[in-house]
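If you want the building blocks of each chain, they are given just below.
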Amino acid sequence: MQRTAAAAPEDRLPRSLGAWSGTALLVGLTIGSGIFRVPGGVAAEVGSVGAVALVWVLGGAVALFGALTFAELATLFPRSGGLYVFLREAYGPLPAFLYGWTELLVTRPASLGALAMIFAEYAGTFAPLGGAGVRVLAAATLVGLSAASWRSVRWGAALQDWTTAAKVLALAGLALVLFALGDPSAGALAVAPGLAPRTWGGFGVALVAVLWAYDGWADTTSMAGEVRDPARVLPRALVGGVLVVVAVYLAANAAYLYVLPLERVAASPLVASEAATAVLGGAGAAVVAALVMLSAFGALNGAVMTGPRILFAMAEDGLFFRPVAAVHPRFRTPYVAVAVTGALGVAYLSLRTFEQLAGAFVLGVWPFYALAVAGVFVLRRRRPDLPRPYRTLGYPVVPGVFLLASVALLVNSLVEQTGLTLFGLGVVAAGVPVFYAWRALSGRRGLGGTD
């Protein structure tokens, strides 16, 4: 059955976010720790400067095409829950539940735990914390940001605005310092760049890592139900935010390659720190540590803001525990969903293999991105009467290219990283019996979207 207007979750949460906050949310969510860690692994996989540039540009193009398409879905259904809502409206409750299940079980709490641990570990650069101290600081940071989101969406948004502006300016400043003070004769850009990757299979593996670094553009739509004038604000925030991220990432990679040879980039797990140290000496490592802390803190705040909206939407549909859909009578926030998400993130602090799971996160979530993009075609055919204040620029080519890239990515990953790919898909598949068991226990059918 279709949801009634009275039951729509957007009626229960106030629309208080504007264009700048939406853009800052996307940029802050996306620029986390990836740009400091991923470039080394990418260089090792592709083996040439030209291929490094190509994989980062291609990843940015895929993210941009996804954002252009999601903008139509977000203005069509400007409700809290984002991707969950798009899947429910296009395909019904099962695919939507599987996405929420994957977010609940693996992706969201593990990413929260990872970002909190990265923040706390780099804080150890400035004060001796020890293993227990790092975990305590990580948990305290996560609890504090959850409390801010519990208390006020405006508080969380203001914090996101400032941290995003600071991290973008700091990354741009680091790139300028590397270009201004670095020795170009020592870097990879001093020699003629090779264009072809070492192997195309390795290029595909590198693309998975790059897409993890770009991941976050879709999460902004989770708060679509709290955005003012969504028909105007959401497309600008999605497209503008992705363009900012692409520009920052390309500048950072160019700066790394300007001062370091490709072999050192490929061998470095912390390429930003090594590049800064090469130019600034010992102070460079401290500068990058502070920058990583700032970046991880902003990304963690964004994830704390967006993640609970998925659980909130699921609970509204009866596909999760009903009390999770509660709205605070005074603060007008989904406070129970915020508390549950924060608690799960704290629980995941006991895991130590966050970076090893990054590929699984991408491979577990990416099929849902592809399904949602395909939903634009489905909804235009099935529900042509719906008002569409924004239509995907370049339709049908833009969503079609995104779908082709998604299929190629998953096939390549299945060949090159079979175990990791099957793990990600296995998490999704495990939700199917849970969905039917939940429906049987609740005694309800056709919850949310179409049956």
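For the structure itself, look to the data block above.
Here's what I pulled together on the structure shown here. Worth saying up front: this structure is predicted, and the values here are computed from it rather than measured.

Parameters and conventions
Residues numbered from 1 in each chain as written. Predicted model: local features only at pLDDT ≥ 70, side-chain atom pairs only at ≥ 80, totals over all residues. Heavy atoms only, no water. Helix = DSSP H or I, 4+ residues; strand = E, 2+ residues; numbered from the N terminus. Expected span 1.5 Å × (residues − 1). Buried < 20%, exposed > 50% of the residue type's maximum accessible area, 1.4 Å probe, protein only. Contact = heavy atoms within 4.5 Å. Salt bridge = Lys/Arg side-chain N within 4 Å of Asp/Glu carboxyl O. Phe/Tyr/Trp six-rings, centres within 6.5 Å; stacked < 30°, edge-to-face > 60°. Lys NZ or Arg CZ within 6 Å of the ring centre and 35° of its normal.

For the rest of this paragraph, the subject is helix α8 (residues 200-214). If you check α8, its first and last C-alpha atoms are 20 Å apart, about what 15 residues at 1.5 Å a residue would give, namely 21 Å. Counting buried positions along α8 gives 12 out of 15 residues, so the element sits mostly inside the fold. All of the buried residues in α8 are Gly 201, Gly 202, Phe 203, Gly 204, Val 205, Ala 206, Leu 207, Val 208, Val 210, Leu 211, Ala 213 and Tyr 214. Looking one or two residues beyond α8, the residue adopting positive phi is Gly 216, at roughly 135°.

With respect to the helices and strands, Gly 28 occurs in helix α1 (residues 19-30). According to the relative accessible area criterion, Gly 28 is buried, its value standing at 0%. Taking the C-alpha atoms as reference, Gly 28 lies 8.9 Å from Ala 296; in sequence the two are 268 residues apart. Ignoring any residue separated from it by four or fewer positions in sequence, one finds Gly 28 in contact with Gln 160, Thr 164, Lys 167, Gly 298 and Ala 299.

The next point concerns the pattern of salt bridges. Taken as a whole, this structure holds 12 salt bridges when the rule is applied. A salt bridge links Arg 79 to Glu 89; the shortest N-O distance between them is 2.8 Å. Of this pair, Arg 79 sits in the loop between α3 (49-76) and α4 (83-91) while Glu 89 sits in helix α4; the two residues are 10 residues apart in sequence, bridging distant segments of the chain. Residue classification places Glu 89 among the buried residues on the basis of a relative accessible area of 4%. Between Arg 88 and Asp 317 there is a salt bridge, with its nearest N and O atoms 2.8 Å apart. Residue Arg 88 is located in helix α4, and its partner Asp 317 is located in the loop between α12 (282-316) and α13 (335-347); the two are separated by 229 residues in the primary sequence. Across the pair, exposure class does not vary: Arg 88 and Asp 317 are buried alike. Through salt bridges with shared partners, a single ionic network connects Arg 79, Arg 88, Glu 89, Asp 317 and Arg 383.

Let's shift gears to the packing of aromatic side chains. Scanning all chains against the criterion turns up 21 aromatic pairs. Taken together through their ring pairs, the aromatic side chains of Phe 70, Phe 86, Trp 217, Trp 366, Tyr 369 and Phe 402 make up a single cluster. Over the face of the ring belonging to Trp 155 we find Arg 151, whose NZ or CZ atom lies 4.8 Å from the ring centre. Between Arg 380 and the ring centre of Tyr 395, over which it is positioned, the NZ or CZ distance is 3.7 Å.

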